[in-house]
Amino acid sequence: MAPSTPIPPADLSLMQRLAQRVTAVRPDLVNSDASYGELAWNQAAPNPDGAHRHRVWSSGGEPVAWGWARLPRRVRLSDGSVRDVTGASLAYQVHPDHPELVDEVAEWFEGTAAGLERSVVPGAADGFALERWAAHGYGTDPAALGDAGSWTQLNERDLTGGVERPRLPDGHRFRTADEAGPEAAVRAHVDAWAPSAYTLEAYERVRSTPAYRGDLHVLVEAPDGTMAASAVMWLDEANATAEFEPVGTHPAYRRRGLGRAVLLHGMHLARAAGAEHMTVACLGAPGHPAARELYYGVGFRPLSRDAPLLKPAAG
């Protein structure tokens, strides 16, 4: 039996369908929580009972809005520590033809997370949504917008032209998650992002989503057998686009060109699978230059950015 997911498969399909529809008409409105691939990857998030709520709005048989509220929870990390999340955060998406639903999503979130500190991350290009969230009492999040803040930008590049051939150091080789197996795929991510809440169970939730393809989950194996770098790609066939999420390198193997190589190799695989366009998100604040410069170095350029908002618990 397939493992359970934080979002029921039928609703996840609707949410991804909306992400595809928005991508087709206003890609600049697709924020870091609401892309086709990110929705699948987020099934890995720890999900204690009662720690999330979601709702999907439809019109004429098509999804036109959704909201996914993450509530207070305790997250156990790979180093044995725990992190207590005390506020509520909202991922959401509204089709640009139905902007009035921003208010309905906001009101639903208010009822779901009443009394808690609440955060939401609309796209900076969505002027109407920013006005409506302000009307509901949300203001800019100074910490998230600081020099070392957590706001993200979405980057893009075309795949129809030439893509540089990847080069690996001697003794290294590319693998796929299908070839390497689940434990190796999980270890590659945990090593790159330690301390991490990612587990084999989390990977199985991700792998159970229809969007996941093990042949588009690529790794670099070092001579000693360590999975030294990895990248998961999500192919949106409806828009002929693919997304990297996530990308990481083991700390002991950084500055060897492995991140660059896995990105270039991934783009060749994505193009062979039918993608004509590629995206990847990264932290955009000045204090987080490493990933941004890596992506710029292989041809990505900024497409859009998030505008994190916050409402105090007393509001």
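The structure this text deals with has already been given above.
In this report, we go over the structure that sits alongside the text. (Residues numbered from 1 in each chain as written. Predicted model: local features only at pLDDT ≥ 70, side-chain atom pairs only at ≥ 80, totals over all residues. Heavy atoms only, no water.)

Here we look at the overall build of the chain
Move 1: A tally of regular secondary structure across the chain gives ten helices and 15 strands.
Move 2: Its C-alpha atoms give the chain principal-axis dimensions of roughly 55 × 45 × 45 Å.
Move 3: Per-residue burial over the chain gives 50% buried out of 315 residues.
Move 4: Within the chain, contacts between residues separated by at least 24 positions form 72% of all contacts whose residues are at least 6 apart in sequence.
Move 5: For the chain, the accessible surface area stands at approximately 13,900 Å², while carbon and sulfur atoms represent 50% of it.
Move 6: For the chain, the distance from the average position of its 30 positive side-chain charges to the average position of its 39 negative side-chain charges is 4 Å. (Helix = DSSP H or I, 4+ residues; strand = E, 2+ residues; numbered from the N terminus. Buried < 20%, exposed > 50% of the residue type's maximum accessible area, 1.4 Å probe, protein only. Contact = heavy atoms within 4.5 Å. Areas by Shrake-Rupley, 256 points an atom, 1.4 Å probe, with all protein chains shown as cover. Lys, Arg positive; Asp, Glu negative; His and termini not counted. Charge placed at Lys NZ, Arg CZ, Asp CG, Glu CD.)

Let's talk about the side chain of His189
Move 1: The topology assignment puts His189 in helix α7 (residues 182-193).
Move 2: Once residues lying within four places of it in the same chain are set aside, the contact partners of His189 are Trp41, Ser196, Tyr198, Ser230 and Pro246.

Remarks on unusual backbone geometry
Most peptide bonds take the trans configuration, and most residues that are not glycine carry a negative phi.
Move 1: For the bond from Ala194 to Pro195, the omega torsion is -5°, close enough to zero to count as cis.
Move 2: Looking at the secondary structure, you find Pro195 in the loop between α7 and α8 (200-207).
Move 3: Residue Pro246 follows Glu245 across a cis peptide bond; omega there is 0°.
Move 4: Tracing the sequence through the fold places Pro246 in strand β12 (residues 241-249).
Move 5: For Ala240, which is not glycine, the phi dihedral falls at a positive 50°.

Notes on the pairing of strand β11 (residues 227-236)
Move 1: Burial analysis of β11 places ten of its ten residues in the buried class, which makes it a mostly covered element.
Move 2: Across five bridges, strand β10 (residues 217-221) lies against β11 in antiparallel orientation. Residue pairing for β11: Leu219 is matched across the bridge by Ser230.
Move 3: Hairpin connection from β10 to β11: five residues lie between these consecutive antiparallel strands, with Gly225 at a positive phi of about 95°.
Move 4: Of the pairings in the sheet, the one linking β11 to β12 comprises seven bridges and is antiparallel in character. Pairing of Trp234 across the sheet is with Glu243, part of β12.
Move 5: Between β11 and β12, which pair antiparallel and follow one another directly, the connecting turn spans four residues, one of which, Ala240, has a positive phi of 50°. (Pairing = 2+ DSSP bridges.)

Focus: the side chain of Asn42
Move 1: Relative to the helices and strands, Asn42 is located in the loop between α2 (36-41) and β1 (52-59).
Move 2: Not counting chain neighbours up to four residues away, the residues in contact with Asn42 comprise Asp33 and Trp68.

Looking at the sheet that holds strand β2 (residues 62-70)
Move 1: Read across the open sheet, the six strands follow the order β1-β2-β5-β6-β15-β7; overall the sheet is mixed. Looking at the sheet topology across the chains shown, the edges are occupied by β1 and β7 (139-140).
Move 2: Across two bridges, β7 lies against strand β15 (residues 309-311) in antiparallel orientation. Bridge pairing in β15 places Thr140 opposite Leu309.

Observations concerning the packing of aromatic side chains
Move 1: Taken as a whole and judged by the stated rule, the model has eight aromatic pairs.
Move 2: Ring geometry for Trp133 versus Tyr138: centroids 5.0 Å apart, planes at 80°, classification edge-to-face.
Move 3: With a centroid separation of 5.8 Å and an interplanar angle of 85°, the aromatic rings of Tyr203 and Tyr212 are classed as edge-to-face.
Move 4: For Tyr212, a relative accessible area of 10% corresponds to the buried category.
Move 5: Among the aromatic residues, those joined into a cluster by ring pairs are Tyr92, Trp133 and Tyr138.
Move 6: Across the ring face of Trp151, the terminal group of Arg305 is positioned such that the distance to the ring centre comes to 3.6 Å. (Phe/Tyr/Trp six-rings, centres within 6.5 Å; stacked < 30°, edge-to-face > 60°. Lys NZ or Arg CZ within 6 Å of the ring centre and 35° of its normal.)

Looking at the packing of α7 against α8
Move 1: At a minimum axis separation of 10 Å, α7 and α8 run at an interaxial angle of 110°. Taken as axis vectors, α7 and α8 run roughly perpendicular relative to one another. Here Pro182, Glu183, Ala185 and Val186 of α7 come into contact with α8, specifically with Leu200, Tyr203, Glu204 and Arg207.
Move 2: Here the residues of the contact of α7 with α8 are counted per class, giving five nonpolar, no polar and three charged. (Axes fitted to C-alpha atoms, helices over the stretch in contact; angles between N-to-C directions. Parallel < 35°, antiparallel > 145°, perpendicular 65-115°, else oblique. Nonpolar A, V, L, I, M, F, W, Y, C, P; charged D, E, K, R; others polar.)

Without other data, these values stay purely geometric and don't point to any function.
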